[in-house]
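# Survey of secondary and tertiary structure
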Amino acid sequence: MSTLRTPASTPRTTDPDWWRDAVVYQVYPRSFADSDADGLGDLAGITSRVPYLASLGVDAVWLSPFFPSPLADGGYDVADYRDVDRRFGTLDDFDALVRAAHEHDIRVIVDIVPNHTSDEHAWFRQALAAAPGSPERARYVFRDGAGVDGELPPSDWVSNFGGSAWTRVADGQWYLHLFAPEQPDLDWSNPEVRADFEDTLRFWSDRGVDGFRVDVAHGLAKDLSTPYRPSDEHALPLDGSDPLYDRDEVHEIFRAWRLVLDEYDPPRAAVAEAWAPGPRRVLYARPSELGQAFNFDLLEAPFDATAFREIVDRNLSASAESGASSTWVLSNHDVVRHATRYGLPDGTDTDAWLMTDGTAPALDRTKGLRRARAATLLMLALPGSSYVYQGEELGLEESVAIPHELLQDPKWIRTGHTVKGRDGCRVPIPWTTSGPSFGFGAVAPHLPQPADFGASSVEAEDGDPASTLSLYRAATAARRDLQRGEDLIWLDSPAGVVAFARHDGWRSVTNFGTEPVPLPDGEVVVASGPLADGLLPGETTVWLR
Ligand code: GLC
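Residues numbered from 1 in each chain as written. Predicted model: local features only at pLDDT ≥ 70, side-chain atom pairs only at ≥ 80, totals over all residues. Heavy atoms only, no water.

Of the regular secondary structure elements, the protein holds 15 helices and 18 strands. Relative to the compact-globule value of 24 Å for 545 residues, the protein shows a C-alpha radius of gyration of 23 Å, a close match. Dimensions of the protein, computed from C-alpha atoms along their principal axes, come out at roughly 75 × 55 × 50 Å. Here the protein, with 545 residues, has 59% of them falling under the buried criterion. Of the contacts formed within the protein by residues at least 6 apart in sequence, a portion of 66% connects residues at least 24 apart. (Helix = DSSP H or I, 4+ residues; strand = E, 2+ residues; numbered from the N terminus. Rg over C-alpha atoms; globule rule 2.2 N^0.38 Å. Buried < 20%, exposed > 50% of the residue type's maximum accessible area, 1.4 Å probe, protein only. Contact = heavy atoms within 4.5 Å.)

Around the ligand, a shell composed of 14 residues is seen, among which Asp-73, Asp-215, Glu-273, His-333 and Asp-334 lie nearest. Between the ligand and the protein, one listed contact pairs an oxygen atom with a side-chain N or O atom of Asp-73 at 2.6 Å. Taking His-116, its side chain carries an N or O atom lying 2.9 Å from an oxygen atom of the ligand. Burial of the ligand by the surrounding chains reaches 95%, relative to a free accessible area of 310 Å². Taken together, the residues of the shell around the ligand break down into four nonpolar, three polar and seven charged. (Near = heavy atom within 4 Å. Polar contact = N/O pair within 3.5 Å; in protein donor to acceptor, adjacent residues only side chain to side chain. Areas by Shrake-Rupley, 256 points an atom, 1.4 Å probe, with all protein chains shown as cover. Nonpolar A, V, L, I, M, F, W, Y, C, P; charged D, E, K, R; others polar.)

Here the focus is unusual backbone geometry. Between Asp-265 and Pro-266 the backbone carries a cis peptide bond, its omega angle lying at 0°. Within the secondary structure layout, Pro-266 lies in the loop between helix H6 (250-261) and strand S8 (269-272). Residue Pro-361 is bonded to the preceding Ala-360 through a cis peptide linkage, with omega at -5°. Structurally, Pro-361 can be placed in the loop between helix H11 (350-355) and helix H12 (365-380). Positive phi is not limited to glycine here, since Asp-105 has a value of about 60°. Following the sequence through the fold, Asp-105 ends up in the loop between helix H3 (91-103) and strand S3 (107-112). If you check the backbone angles, Glu-539 has positive phi at about 55° while not being a glycine. Position of Glu-539 relative to the elements: it lies in the loop between strand S17 (535-536) and strand S18 (540-544). A relative accessible area of 1% means that Glu-539 is categorised as buried.

Bringing the sheet that holds strand S14 (residues 507-511) into the picture now. Working definition: the strands of a sheet are paired by backbone hydrogen bonds and lie parallel or antiparallel to each other. An order of S12-S13-S14-S18-S16 is seen for the five strands of this open sheet, with the pairing classed as antiparallel. Edge positions in the open sheet fall to strand S12 (489-490) and strand S16 (524-527), since each of these has one partner strand only. Judged from the two bridges that link them, S12 and strand S13 (residues 497-501) form a sheet pairing that is antiparallel. Bridging across to S13, Ile-489 finds its partner in Ala-501. Along the sheet, H12 makes contact with S13, S14, S16 and S18, crossing S18 at roughly 35°. (Pairing = 2+ DSSP bridges. Axes fitted to C-alpha atoms, helices over the stretch in contact; angles between N-to-C directions.)

On to the environment of Asn-315, then. If you trace the backbone, Asn-315 turns up in helix H9 (residues 305-322). Asn-315 sits 23 residues away from Gln-292 along the chain, and the two C-alpha atoms are 12 Å apart. Contact partners of Asn-315, with chain neighbours within four places excluded, come to Arg-281, Asn-295, Asp-297, Ser-326 and Trp-328. One polar contact links Asn-315 to Asp-297, side chain to side chain, over a distance of 3.0 Å.

Moving on, we come to the environment of Asp-185. As for its placement among the helices and strands, Asp-185 is situated in the loop between strand S6 (174-176) and helix H5 (191-206). Note on Asp-185: relative accessible area 0%, which makes it buried. For the pair Asp-185 and Asp-85, spaced 100 residues apart in the sequence, the C-alpha separation amounts to 21 Å. If sequence neighbours within four positions are ignored, Asp-185 has contacts with Asn-115, His-116, Arg-139, Tyr-140, Val-141, Leu-176, His-177, Leu-178 and Lys-222. Looking at Asp-185, its side chain comes within polar contact range of the side chain of Lys-222, at 3.0 Å.

In this structure, Pro-181 sits in the loop between S6 and H5. Assessed through its relative accessible area of 18%, Pro-181 is described here as buried. For the pair Pro-181 and Phe-161, spaced 20 residues apart in the sequence, the C-alpha separation amounts to 9.6 Å. Setting aside anything within four residues of it in sequence, one finds Pro-181 in contact with Asp-119, Thr-167, Tyr-175 and Arg-414.

Going through the model one piece at a time under the given rule, you end up with 32 aromatic pairs. When the ring of Trp-188 is compared with that of Trp-257, the centres are 6.2 Å apart and the planes differ by 55°; the resulting orientation is tilted. Here Trp-257 lies in helix H6 and Trp-188 lies in the loop between S6 and H5, a separation of 69 residues in the sequence. Of the two residues, Trp-188 and Trp-257, neither departs from the other in class, the shared state being buried. Judged by centre distance (4.9 Å) and plane angle (85°), the rings of Phe-203 and Trp-204 are edge-to-face. (Phe/Tyr/Trp six-rings, centres within 6.5 Å; stacked < 30°, edge-to-face > 60°.)

For the rest of this paragraph, the subject is the pattern of salt bridges. Applying the stated criterion across every chain, the model contains 39 salt bridges. In this structure, the salt-bridge partner of Glu-249 is Arg-247, at a minimum N-O distance of 3.1 Å. We classify Arg-247 as buried; its relative accessible area is 11%. Taking the shortest distance from any N to any O, the salt bridge between Asp-297 and Arg-281 comes out at 3.4 Å. Note that Asp-297 is positioned in helix H8 (residues 297-300) and Arg-281 in helix H7 (residues 278-281), a separation of 16 residues in sequence. In this structure Arg-281 comes out as buried when scored by relative accessible area, which is 5%. Each of Asp-73, Asp-334, Asp-409, Arg-422 and Arg-426 takes part in salt bridges that share partners, so that together they form one network. (Salt bridge = Lys/Arg side-chain N within 4 Å of Asp/Glu carboxyl O.)

All right, on to the pairing of strand S2 (residues 60-63) then. Judged by which residues are buried, S2 turns out to be covered on both faces: Ala-60 and Trp-62 on one side and Val-61 and Leu-63 on the other are all buried. In this sheet, S2 lies alongside strand S1 (residues 23-27) in parallel orientation, the contact comprising four bridges. Within S2, the residue paired with Gln-26 across the bridge is Trp-62.

Per-residue pLDDT for the protein has a mean of 95; in total, 99% of the residues score no lower than 70. Here H7 stands out as the element of the protein with the lowest mean pLDDT, 90, in contrast to S1, whose mean of 99 is the highest. This stretch, residues 1-5, has a pLDDT under 50; its non-local contacts, to residues over four places away or in other chains, come to 11 contacts. (pLDDT = per-residue confidence, 0-100.)

Here it is, written out as structure tokens:
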């Protein structure tokens, strides 16, 4: 047990396995609720909405970064890992948020960004001020350039946001950044880096945080002796031999983290963002490491019965093997919202579609929302834990018409304005039917909201039994009664229908087709859309008991 500090508070129940079947709600703090009229959401705003989160029936809230940051990548560029950005509040505000959440039995997960810091982090400033070869530079990845005078980047590696992954500094050396130039990569072979992050885990755990989401977990170990790396995704080895991602040595880091997380009672939970093939991804979720890893397979799949069933099967076996519980995700702050994805023809390149301002191909909004509701209800019936992203409970769509000059995503800038990026899913959420920012705050929000946003607001949907908000509430409430264990038994069903039984007669049936099928017998617990007599309409899920 750590004796550093008494946590600000702990939840009323202290089940160490709470994360195994939790519904976790992701808050993107800049865009959730603005309490101080600066156009940016903040921690006090989130605290004021804790009763709303409780009414949603979620078990935990995951906060995307709120740490001091120049916001070059929405806060995933951290200048100080142990403080709160003044625009978002103070550490006292953070403690108040944790207390309020715990009073409602909602756990709090914070986002740790270990692959890179902000270029405004004290360490990076010291590195720039110090000489090549200095200990200050050794916390990052500085190298001499190639070419006659070192005028070429040390390798051909490209950044995830476009362009070279190397930037040159005044004295001629280059530093590595797998993301934006404002996000210099740390060197995780440096023991000082390791020790510092372990202190950060303790800092937040001591404040009562229940778990961590680990950003780019698969990127920390790098083999810098291999300058060549295929830039074509399909040519990557995916077997641990890629110089940059998912190397075997990375697991040693997380084994050390587990020892820190286990210093607490209950042990702190963790979930890896690790983009690796399934069998390798679950390695991050071993009990000796983080416990969970995001499974993005449903998020990447078309709305299709065969695809969904195969993904569920594959992931349940993989999780069972690793000793973890499975995770499920349909939307987050990095992808086009699922109500929009499902309203586009299968196989649509969403980056290209966004560049047409959402005009071609045409979006079928009704179909998109109907399918999103069906997919969500299926997801919430699965064993394991589900991660939901703020606004999906309102059926929000991607905002496609943000004026180009207001786009903030570094992808937009780094790709020379050829990829818009992720701002369309990060637009502040609507709380009321009208007002300057539909209840988000008292002034215009940092990203503009669509004119018809009020119709999808909490105020508009609250109390409407047919609304998406009511569906999420009904589903989480029923799930609280029903969710137990890891069991799932597939039931015989017609083509295009996915049906499975959990326990005590609880079944989930999804009709992925467009034509109605006979509704199986049983008491209807929740349905994602209206049921016609004796029939399960197309693109609809029902829970039966
Ligand atoms: C993760 C985050 C994403 C961020 C990137 C770099 O993928 O989810 O938002 O841009 O890491 O930190």
